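Observations on the three-dimensional arrangement
Letter by letter, the chains look like this.
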Amino acid sequence: MTHRLPTDTDDGLLLIISGPSGAGKTTITRGVERRIADSVFSVSYTTRARTPADTEGVDYHFTTDELFNAMKARGEFLETAGVYGKQYGTPKAPVVEQLRRGRLMILEIDVQGAITVKSQIPDAFAIFVLPPSEEVLLQRLRDRKREDEAQIQKRFAAAKAEIDAARNSGVYDVFIVNDKIDAATQRAIDLVAAERTRRRGVR
Ligand code: 5GP
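This write-up is about the structure you can find in this document.

A separate point is the site of the ligand. Neighbouring the ligand are 14 residues; Ser44, Arg48, Tyr60, Glu79 and Tyr88 lie closest to it. Here an oxygen atom of the ligand sits 2.6 Å away from a polar atom, N or O, in the side chain of Ser44. Glu108 places a main-chain nitrogen or oxygen 3.5 Å from an oxygen atom of the ligand. Burial of the ligand by the protein amounts to 86% of the accessible area it has alone, namely 510 Å². Mapped by element, the contributors of at least two residues to the shell around the ligand are strand 5 (77-83) and strand 6 (86-91). For the shell around the ligand, the class distribution of residues is 5 nonpolar, 4 polar and 5 charged.

Given below as structure tokens:
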């Protein structure tokens, strides 16, 4: 039996946030993290290259295929997924620990990962962030000026496939349309608060 700390609660909730690139899910995720006091962001491991926008240990733990595969073999991941030929994984220990302490644990993961997590932790609450329209999504991908047009078209096709996969997965409790970022973030915060209140009522 692990010792219960005075700050521990029974309010633990595993929150999954997914969405295609360009939908604004990272902004929404970080907004939820900032505004819900007991939230903890799950820092994934990845074998993709670090970009200037990434901070090691904050956005990801950047690692090699060799180390990633060793962790996987030791059963240290709750889920893993391949995205654009790179590996991504959610470390299991922090999730178990934070839920035990009653925290809001936030996983920003793709649809494959969400399906795996829901199969293992069925009471996870899952939100999918949608762009307002395909036209807006394409425009947002172009506005980021990160890639050339061929890459943008690839991301656009992948985004549409991800949205279809999400709709067909049966995993998501809610779909939020991100028309205005502040309103969409507030909607995610309100949904999480309502879900925790609802669960307190049935305990
Ligand atoms: P990016 O490389 O652009 O940061 O992330 C690419 C995609 O991988 C995004 O959809 C992101 O949500 C997803 N992702 C990030 N970390 C994980 C993870 O640990 N597991 C899974 N399944 N997907 C992840």
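The next subject is the packing of helix 5 (residues 134-143) against helix 6 (residues 149-169). At their nearest, the axes of helix 5 and helix 6 sit 10 Å apart, and the two run at 140° to each other. Here helix 6 runs oblique to helix 5, going by the angle between their axes. Relative to helix 6, helix 5 is oriented so that their crossing is right-handed. The residues of helix 6 that touch helix 5, namely those facing Glu134, Leu137, Leu138, Leu141 and Arg142, are Glu149, Ile152, Gln153, Arg155, Phe156, Ala159 and Lys160. Of the residues that constitute the contact of helix 5 with helix 6, the class distribution is 6 nonpolar, 1 polar and 5 charged.

Once that is clear, we can look at the pattern of salt bridges. A side chain of one charge can pair with a side chain of the opposite charge if their charged atoms are brought near each other. By the definition in use, this model includes 14 salt bridges. With a closest N to O distance of 3.3 Å, Arg4 and Asp10 form a salt bridge. Classification of Arg4 as partly exposed rests on a relative accessible area of 47%. In this structure, Arg100 and Glu97 form a salt bridge, with 3.2 Å as the shortest nitrogen-oxygen distance. Of the two residues, Arg100 and Glu97 both sit in helix 3 (residues 92-100), 3 residues apart, roughly one turn of that helix. Overall, the relative accessible area of 33% leaves Arg100 in the partly exposed class.

A word on the environment of Asp110. Checked against the element boundaries, Asp110 lands in the loop between strand 7 (104-108) and helix 4 (111-120). Not counting residues within four places of it along the chain, the set of residues in contact with Asp110 comprises Ser18, Ala81, Val83, Glu162 and Tyr172. Among the polar contacts listed, one links the side chain of Asp110 to the backbone nitrogen of Gly113, at a separation of 3.0 Å.

Rules of the game
- Residues numbered from 1 in each chain as written.
- Predicted model: local features only at pLDDT ≥ 70, side-chain atom pairs only at ≥ 80, totals over all residues.
- Heavy atoms only, no water.
- Near = heavy atom within 4 Å.
- Polar contact = N/O pair within 3.5 Å; in protein donor to acceptor, adjacent residues only side chain to side chain.
- Areas by Shrake-Rupley, 256 points an atom, 1.4 Å probe, with all protein chains shown as cover.
- Helix = DSSP H or I, 4+ residues; strand = E, 2+ residues; numbered from the N terminus.
- Nonpolar A, V, L, I, M, F, W, Y, C, P; charged D, E, K, R; others polar.
- Axes fitted to C-alpha atoms, helices over the stretch in contact; angles between N-to-C directions.
- Parallel < 35°, antiparallel > 145°, perpendicular 65-115°, else oblique.
- Left-handed = near helix turned anticlockwise from the far one by under 90°.
- Contact = heavy atoms within 4.5 Å.
- Salt bridge = Lys/Arg side-chain N within 4 Å of Asp/Glu carboxyl O.
- Buried < 20%, exposed > 50% of the residue type's maximum accessible area, 1.4 Å probe, protein only.

Function cannot be read off these values alone, since they describe shape.
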